[in-house]
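Okay, here's what each chain looks like letter by letter:
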Amino acid sequence: MQPAGAYGAGKAGSVAFDPVAFFTHPRTVLRLLSWVFSIVVFSCIVNEGYINIGSERLLCIFNNNADACNFGVTVGVACFLGSIFFLILDAYFPSISSVRDRKRAVLLDLVFSGIACFLWFVGFCFLANQWQATSPEELPLAQGSDAARATIAFCFFSILSWAVLTLSALRRFLTGSNSNLFTWQHLDPVPSNTRATPYPIANGATIVTTNPYQAPPFTETLDPQKLTQQRPLAPAF
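Residues numbered from 1 in each chain as written. Predicted model: local features only at pLDDT ≥ 70, side-chain atom pairs only at ≥ 80, totals over all residues. Heavy atoms only, no water.

**Things to note about the overall build of the chain**
The criterion, for reference: To qualify as a helix, a DSSP run of H or I must reach at least 4 residues; to qualify as a strand, a run of E must reach at least 2; elements of each kind are numbered from the N terminus. A simple rule labels every residue: compare its accessible area, found with a 1.4 Å probe on the protein chains alone, to the largest value its type can have, and call it buried under 20%, exposed over 50%, or partly exposed in between. Contacts: residue pairs with any heavy atoms within 4.5 Å of one another.
In terms of regular secondary structure, the chain is built from five helices and five strands. By the burial criterion, 34% of the 237 residues in the chain qualify as buried. In the chain, the share of contacts with a sequence separation of at least 24, taken over all contacts with a separation of at least 6, comes to 71%.

**Examining the UniProt feature "transmembrane region" (unreviewed entry) in the chain**
Defined as follows: UniProt positions are given in the numbering used here, feature names are shortened, and annotations may be inferred rather than shown by experiment.
Using the residue numbers shown here, the UniProt feature "transmembrane region" (unreviewed entry) corresponds to residues 32-51, 71-93, 105-131 and 151-170. Secondary structure over residues 105-131 splits into 100% helix and 0% strand, and the C-alpha atoms at its two ends are 38 Å apart. Summarising residues 151-170: 100% helix, 0% strand, and an end-to-end C-alpha distance of 28 Å.

**So, the state of the cysteines**
One covalent bond between the sulfur atoms of two cysteine residues makes up a disulfide. So the rule is basically this: Any two cysteine sulfur atoms lying within 2.5 Å of each other are counted as a disulfide.
Considering all chains together, one arrives at one disulfide under this definition. The side chain of Cys60 participates in a disulfide bridge whose partner is Cys69; the two sulfur atoms lie 1.9 Å from each other. As the torsion about the S-S bond is roughly 80°, the Cys60-Cys69 disulfide counts as right-handed. With a relative accessible area of 3%, Cys60 lands in the buried category. A relative accessible area of 0% places Cys69 in the buried class. With no disulfide partner, Cys79 has as its closest neighbouring cysteine sulfur the one in Cys155, 9.6 Å distant. Cys79 sits in the buried class, given a relative accessible area of 3%.

**A closer look at the packing of aromatic side chains**
Operational definition: Centre distance within 6.5 Å is the pairing criterion for rings of Phe, Tyr and Trp, where only the six-membered ring of Trp is used; planes under 30 degrees apart are then read as stacked, over 60 as edge-to-face, and the remainder as tilted. Two thresholds decide whether a charge sits over a ring: the Lys NZ or Arg CZ must be within 6 Å of the ring centre and within 35 degrees of the ring normal.
Counted by the stated rule, this structure contains 13 aromatic pairs. Where Phe86 meets Phe112, the ring centres are 5.3 Å apart and the plane angle is 45°; that geometry is what we call tilted. Residue Phe86 is found in helix α3 (residues 66-92), and its partner Phe112 is found in helix α4 (residues 99-132); the two are separated by 26 residues along the sequence. Judged by its relative accessible area of 2%, Phe86 falls in the buried class. Here Phe112 and Trp162 contribute two aromatic rings whose centre-to-centre distance is 5.6 Å and whose plane-to-plane angle is 65°, an arrangement assigned as edge-to-face. With a gap of 50 residues between them, Phe112 in helix α4 and Trp162 in helix α5 (residues 145-174) connect regions that are remote in the sequence. Judged by its relative accessible area of 25%, Phe112 is partly exposed. Linked through ring pairs, Phe37, Phe124, Phe154, Phe156 and Phe157 together constitute an aromatic cluster. One Lys or Arg, Arg172, reaches over the ring of Phe93 and ends 5.4 Å from the middle of that ring.

**Let's talk about the nonpolar core**
Note the following rule: In plain words, nonpolar cores are sets of buried Ala, Val, Leu, Ile, Met, Phe, Trp, Tyr and Cys residues tied together by side-chain atoms within 4.5 Å.
Among the nonpolar cores identified, the biggest contains 23 residues, and Ile61, Phe62, Cys79, Trp120, Leu127, Trp131 and Trp162 are the most heavily contacted of them. Sorting the residues of this core by element identifies α2 (26-48), α3, α4 and α5 as the ones contributing at least two each. Looking at which element gives the most residues to this core, the answer is α5, with six residues. Ignoring sequence-local partners within four residues, the contact set of Phe62 consists of Ala68, Cys69, Leu127, Gln130, Trp131, Thr134, Ala148, Thr151 and Ile152. Counting six residues, the second largest nonpolar core, distinct from the first, contains Phe86, Phe93, Ile96 and Val106.

Now the structure itself:
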């Protein structure tokens, strides 16, 4: 049986959205950084990643390998859209009341972040290798060299940001019983004057708590004819 507090079940759905707490949360900052890094990567390739030398055909600055430019643009756009999606999901997460839906959201974050980190690592190695193989004759006047270096650098930064997001999602998934890991807000404290709900005990008797610092009175609902003297049981070790 799943614990009642697993995956932040508690008071989900009643937590008010706090924009200051949301945008200052480390996970939100990492998502915004990943979003910016992806913009830099695909915008550098789209704007300055293609050149034409003596013809109308555009060539990729990474060793004239179109696959390198296409890979960088594809991963950049995918992570750009993914960052926006998970930012919205993080903002909506506290209002999700279903434990199962919360678990699926964290699992989706874990899978996407892990794949994104792997793709950025592949892209960094691929682009760095193709840039190293590019000869100066292929880039007259070092055209596009700054954009290529920026692309490679921000691919490396994206590896770090998505790796941290992956570890964060893994930690949230493994320790889902702690609701504080699933939201940035603290749960509202229970009012001090709130009376506890009567708790049923064996044989139909009930306990009603009136003062937490005093022994609670007992309200017996047992049949007097069934009450018999019982011997105390020996403690079990």
